[in-house]
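Structure assessment
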Amino acid sequence: MRLLTERPLSRRDFLKACGTLAALMGVGQSAVPRIARALEDAAARPPVVWLDFQECLGCTESMTKSRYPDFLNVVLDMISLEYSEALMAGAGRQAEKNYADTVVGQPGKYVLVVEGSVATKIPNAMTVGGRTSVDIAKEALTAAVLVVAVGNCASFGNVQAAYPNPTGAMGMLAFMEQEGIDTGKLIQLPTCPVNPVHITTTISYFLTYGKVPPMDQWHRPLVHFGRKIHDECPRRAHFDEGRFVEVLGSAEEDERLCLYKVGCRGPHTYADCATVLWNNRANWCIGSGQCIGCAEKDFWDELVDFYRPMPGVAVPGFGGIRADADTIGIGLAAATGVAIAAHLAVSAAKGRLGRNEDQVVIEEKEE
Ligand code: SF4
Ligand code: SF4
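Report follows, based on the coordinates.

What follows deals with the overall build of the protein chain. Across its full length, the protein chain holds 17 helices and 11 strands. Within the protein chain, the fraction of its 367 residues that count as buried is 52%. Within the protein chain, residue pairs in contact and separated by at least 24 positions form 74% of the contacts whose partners lie at least 6 positions apart.

Another aspect to go through is the packing of aromatic side chains. This model, assessed by the stated rule, comprises 8 aromatic pairs. Pairing Phe239 with Phe244 gives two aromatic rings, centres 6.0 Å apart and planes at 85 degrees, and the pair type is edge-to-face. A relative accessible area of 0% places Phe239 in the buried class. By relative accessible area, which is 5% here, Phe244 ends up buried. Seen in terms of ring centroids, Phe244 and Tyr260 are 6.4 Å apart; in terms of plane orientation they differ by 55 degrees. Their pairing is tilted. Here the residue Phe244 occupies a position in the loop between α12 (236–240) and α13 (251–254), and Tyr260 occupies one in the loop between α13 and α14 (273–276), the gap between them amounting to 16 residues. In textbook terms, an aromatic cluster arises when at least three aromatic residues are bridged by ring pairs, as seen for Phe239, Phe244 and Tyr260.

Below, the discussion takes up the sheet that holds strand β3 (residues 111–115). The strand order across the open sheet formed by 5 strands is β2-β1-β3-β7-β9, and the pairing between neighbours is parallel. One side of each edge strand has no neighbouring strand; the edge strands of this open sheet are β2 (80–84) and β9 (186–189). Looking at each pair of strands side by side, their axes are set apart by 20 degrees on average, direction ignored. Both β3 and strand β7 (residues 146–150) contribute to a ladder of 5 bridges, which runs parallel. Bridged to Leu112 within β7 is Val147.

This next bit is on the site of ligand 2. Contacts to ligand 2 come from 13 residues, most closely from His230, Cys233, Cys258, Leu259 and Cys264. Looking at the shell around ligand 2, the elements that each hand over two or more residues are α11 (229–232) and α12. Class assignment for the residues of the shell around ligand 2 results in 9 nonpolar, 2 polar and 2 charged.

Its 14 residues place the ends of helix α9 (residues 196–209) 20 Å apart at the C-alpha level, agreeing with the 20 Å of an ideal helix rising 1.5 Å per residue. Among the 14 residues that make up α9, 13 are buried, leaving the element largely enclosed by the rest of the structure. If you check the start of α9, you find a side-chain oxygen 2.9 Å away from the backbone N of Val197, and it comes from Asn195. Gly210 lies just past α9 and shows a positive phi near 70 degrees.

Turning to the site of ligand 1, a few remarks are in order. In the neighbourhood of ligand 1, the contacting residues comprise Glu55, Cys56, Leu57, Gly58, Cys59, Glu115, Gly151, Asn152, Cys153, Asn158, Cys192 and Pro193. Put simply, the parts of the chain that give the shell around ligand 1 at least two residues each are α3 (58–64) and α7 (151–156). For the shell around ligand 1, the element with the most residues is α7, which contributes 3 residues. Partitioning the shell around ligand 1 into residue classes produces 6 nonpolar, 4 polar and 2 charged.

With that settled, the discussion passes to the environment of Tyr99. Mapping Tyr99 onto the fold places it in helix α5 (residues 92–103). Judged by relative accessible area, Tyr99 falls into the buried class, the value being 5%. Between the C-alpha atoms of Tyr99 and Leu51, which are 48 residues apart in sequence, the distance is 9.7 Å. When residues no more than four places from it in sequence are discounted, the contact partners of Tyr99 are Val49, Leu51, Tyr83, Val104, Arg131, Ile136, Glu139 and Ala140.

Parameters and conventions
Residues numbered from 1 in each chain as written. Chains lettered and ligands numbered in written order. Predicted model: local features only at pLDDT ≥ 70, side-chain atom pairs only at ≥ 80, totals over all residues. Heavy atoms only, no water. Helix = DSSP H or I, 4+ residues; strand = E, 2+ residues; numbered from the N terminus. Buried < 20%, exposed > 50% of the residue type's maximum accessible area, 1.4 Å probe, protein only. Contact = heavy atoms within 4.5 Å. Phe/Tyr/Trp six-rings, centres within 6.5 Å; stacked < 30°, edge-to-face > 60°. Pairing = 2+ DSSP bridges. Axes fitted to C-alpha atoms, helices over the stretch in contact; angles between N-to-C directions. Near = heavy atom within 4 Å. Nonpolar A, V, L, I, M, F, W, Y, C, P; charged D, E, K, R; others polar. Expected span 1.5 Å × (residues − 1). Polar contact = N/O pair within 3.5 Å; in protein donor to acceptor, adjacent residues only side chain to side chain.

Below, the structure is given as structure tokens:
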């Protein structure tokens, strides 16, 4: 099944796309020939099954509406999308045959993409073709060679899992652990919706290296989820100097001051939205509102309410002292030079300039 093919790429454009991919995958330009070979190897086209459970289809929309990266087309031409309830033309028995031919007929060979959470407490809340999401997920997750959970629903359950979570909505990591399914093959891309760049680089990395990329404890690839929004935000200088938007819609917002006081969750959220951007690189959440922490587990319960500042954010320049928003800025402007220097020193000492201290990296197994 081909999705987005608009025009063939010239050789030059193809190699340029591979160069961009290498940069986004975090593997360096020396990997370009290897990436090009992997993407050109038509024989290696892995069959892909895309399952939709409890979700809003926003992740499918996000991917199919994207025209950036251009090489999304390239990658989609390199896989063979065998089953997708949202996108395939076939229906009924023909569609179910496609599913069975891949999942039952090619165990250990297909890539499984999951959008949406499994309904574990009320299995009948989510059925496809008369089967519950629990039964389908168990079968399809077990036999896949690679599992990509796209969006927060598939990764952590998202708002469907909000307290009291009536359907028992569960993301793939928790579900696979519960069912004793190998999680070593699982990658989670938990923004809401998934960023097309993330899915493109993830599949490209697997096609190139035949394994999952380096990940954190939530199975998020470090290249995309290894740093906090706050560390790469273009408004960070305003935070450091205590210049905040106090009221949404005010003149301060026009000045693009820091949004922490009106609820920005960038200090709590690991993702590279500030650099990869959204909507064909047109904008991102902090460009038009604030971050609500959609890349994080349980953000719907733990990072609310979204228009008030979260307490306990470390204020730069105070030697790691924690302060609430109302105290930020008092005396800070007078000590700006010292503050930034102290902040950088503390960050460097904690390794924060490279990776954040509360993130755990999954050690790679020897090949
Ligand atoms: S992660 Fe967000 S966009 Fe994707 S299916 Fe779930 S609610 Fe929709
Ligand atoms: S609090 Fe939000 S707006 Fe302010 S610097 Fe951090 S991420 Fe950017």
